[in-house]
Amino acid sequence: MIDTAAAAPIAILIAVQTDRHESVFSVTDSLVELGELARTAGLRVGTMVHQYRDSPHRKTYMGSGKIEEIGQVVAEFSAEVVIADDELTPAQQKTLEQILKVKIMDRTALILDIFAKRAQTFEAQLQVEMAQLEYLLPRLTRLWTHLSRLGGGIGTKGPGEKQLEVDKRQIRKRISTIREKLDKIKLQRFTQRERRHELPLTTVAIIGYTNAGKSTLINQLTQANVFSENLLFATLDPTTRRLTLPSNESILITDTVGFIQKLPHQLVSSFRATLEEVVDADLLLHVIDVSHDNWRAMVATAEGLLRDLKADHIPQITVFNKVDALEHIDVANPEYLRFPLRCFISAKTGQRLESLVDSIDQFLASRRKSMTFHVPYSRMDVVNLIHEMGDVSHVDYHSEVTITATLNTIIGDKIMGDLGTHKKN
Ligand SMILES: Nc1nc2c(ncn2[C@@H]2O[C@H](COP(=O)(O)OP(=O)(O)O)[C@@H](O)[C@H]2O)c(=O)[nH]1
Ligand SMILES: [Mg+2]
């Protein structure tokens, strides 16, 4: 049998661990993850090298002894690329390239690369391009400054420097064009959502660490056809499906791009519009790969990102996934108890999926309350909707329709918003 992976270029992974190590991941766990990212990008991992230092070396990231060692493994594995687990400064990248004479990448560039390959929709493509240009901009400077020093005389503007200004101007222009296009798309989506509000459904977003099983879950729940693969960031574009629960209530459920530690800030800012859409949800399903040794650090990472996105106040159901991959799970273990609403499922086999569906229904039921609406005769569609969504206890026809019903307040509030009235009891 021919091993097709054998043709893939080999990468050497390097990382510095400092005393100020703030990541929830250990340096080795982080390197293993970097290896998964490399594999996702179509590379093979030769070996991994890490070093403890007070801080990364300003010019070379690691110390000279380690760099020598890396040079040896590069030769030994015939590696074509060295990837650092932190974002390198343009100077570090340049210097390492000169010393090691191979392509030098960092975690950020690798993730941007994967995103660029995965982006399906026009919006995602624009968002990734913007992040890439923002990553490129400061790096372009150093490269060209270096060249201009070779080409131009002292005190004069060399050809390199002029070219640099032209290039930078073009990149900035492209970034602002992309930003305009993204604003337009955001506006379109907003109007679409307004239209969707004609049928005000509870919105549920599936969030969690990359590879936790989010896409597998939405596929199981709704027979959606979302790409799911044992790759990091297999899906970038949010997919929304309607799901009818056993209680007969319908929800809109959205699969989202996954989280990862050290997520490049360029991506967070360029994907903000998409992420905002997600954090507008009424309920979050936080999917966790409980079969992964490092799931606790992954949860901490996801929780941190939710705080950054100001989405940590949204009610959450914690979905411990991949229980099929564990020999045994003690669901009464105290470490699970800090997650108030939780269930243990296998999205892949469908095992105990009904416990999740029941949890969603219970959440919705806990939100049921009696509400009174004052509906003008011109909005009989709303009266019909209230009949459809709730248990109507009282209707009065006077100058307007006064209707009292017990229903999910999430929907009730959306109807109130639509009517522009705010009377509840
Ligand atoms: N054993 C097992 N594997 C799962 C389960 N759910 C998802 N997976 C696998 O985990 C990998 C990532 O799944 P995916 O849905 O793409 O994760 P996402 O990145 O969170 O969307 C795929 O190889 C899935 O087949 C599960 O319940 N059990
Ligand atoms: Mg996915």
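Residues numbered from 1 in each chain as written. Chains lettered and ligands numbered in written order. Predicted model: local features only at pLDDT ≥ 70, side-chain atom pairs only at ≥ 80, totals over all residues.

Enquirer: How should I be thinking about the sheet that holds strand S13 (residues 401-408) in this particular structure?
Expert: Strand pairing in a sheet relies on backbone hydrogen bonds. The paired strands run either parallel or antiparallel. Pairing in this open sheet of three strands is antiparallel, and the strands run S11-S13-S12 from one edge to the other. In this open sheet, the two edge strands, each paired with only one partner strand, are strand S11 (368-375) and strand S12 (391-397). Across the sheet, the axes of successive neighbouring strands diverge by a mean angle of 15 degrees, strand direction being ignored. Pairing geometry for S11 and S13, over eight bridges, is antiparallel. Note on S13: the bridge partner recorded for Val-375 is Val-401. Of the strands in this sheet, S11, S12 and S13 touch helix H13 (residues 380-389), which is tilted by about 35 degrees from S13. Seen against the sheet, helix H14 (residues 409-419) touches S11 and S13 and runs at an angle of roughly 15 degrees to S11. (Pairing = 2+ DSSP bridges. Helix = DSSP H or I, 4+ residues; strand = E, 2+ residues; numbered from the N terminus. Axes fitted to C-alpha atoms, helices over the stretch in contact; angles between N-to-C directions. Contact = placed C-beta atoms within 7 Å.)

Enquirer: Explanation requested: the nonpolar core in the structure shown.
Expert: The tendency in soluble globular proteins is for nonpolar side chains to be buried as a group. Ranked by internal contacts, the top residues of the largest apolar core, which has 83 residues, are Ala-11, Leu-13, Ala-38, Val-82, Ile-83, Leu-110 and Val-319. With residues near it in sequence (within four places) discarded, Ala-38 still touches Ala-11, Leu-13, Leu-43, Val-45, Ile-83 and Leu-110. In this structure, Met-371, Val-375, Ile-386 and Ile-403 belong to the second largest nonpolar core, which totals 11 residues. (Core = buried A, V, L, I, M, F, W, Y, C linked by C-beta atoms within 7 Å. Buried ≥ 20, exposed ≤ 12 C-beta atoms within 10 Å, placed from the backbone.)

Enquirer: Where do I start with the sheet that holds strand S3 (residues 81-84) in this structure?
Expert: Spatial ordering of the open sheet is given by S2-S1-S3-S4, a layout of four strands whose pairing is parallel. Whereas interior strands pair on both sides, the edge strands pair on one side only; in this sheet they are strand S2 (44-52) and strand S4 (103-106). Neighbour-to-neighbour, the strand axes of this sheet turn through a mean angle of 25 degrees, independent of strand direction. Summarising the sheet, strand S1 (residues 10-17) and S2 pair through seven bridges and their orientation is parallel. The residue of S2 that forms the bridge with Leu-13 is Met-48. With respect to the sheet, helix H1 (residues 27-40) is in contact with S1, S2 and S3, its orientation differing from that of S1 by roughly 150 degrees. Those strands touched by helix H2 (residues 64-77) are S1, S2 and S3, and its axis lies near 170 degrees from that of S2.

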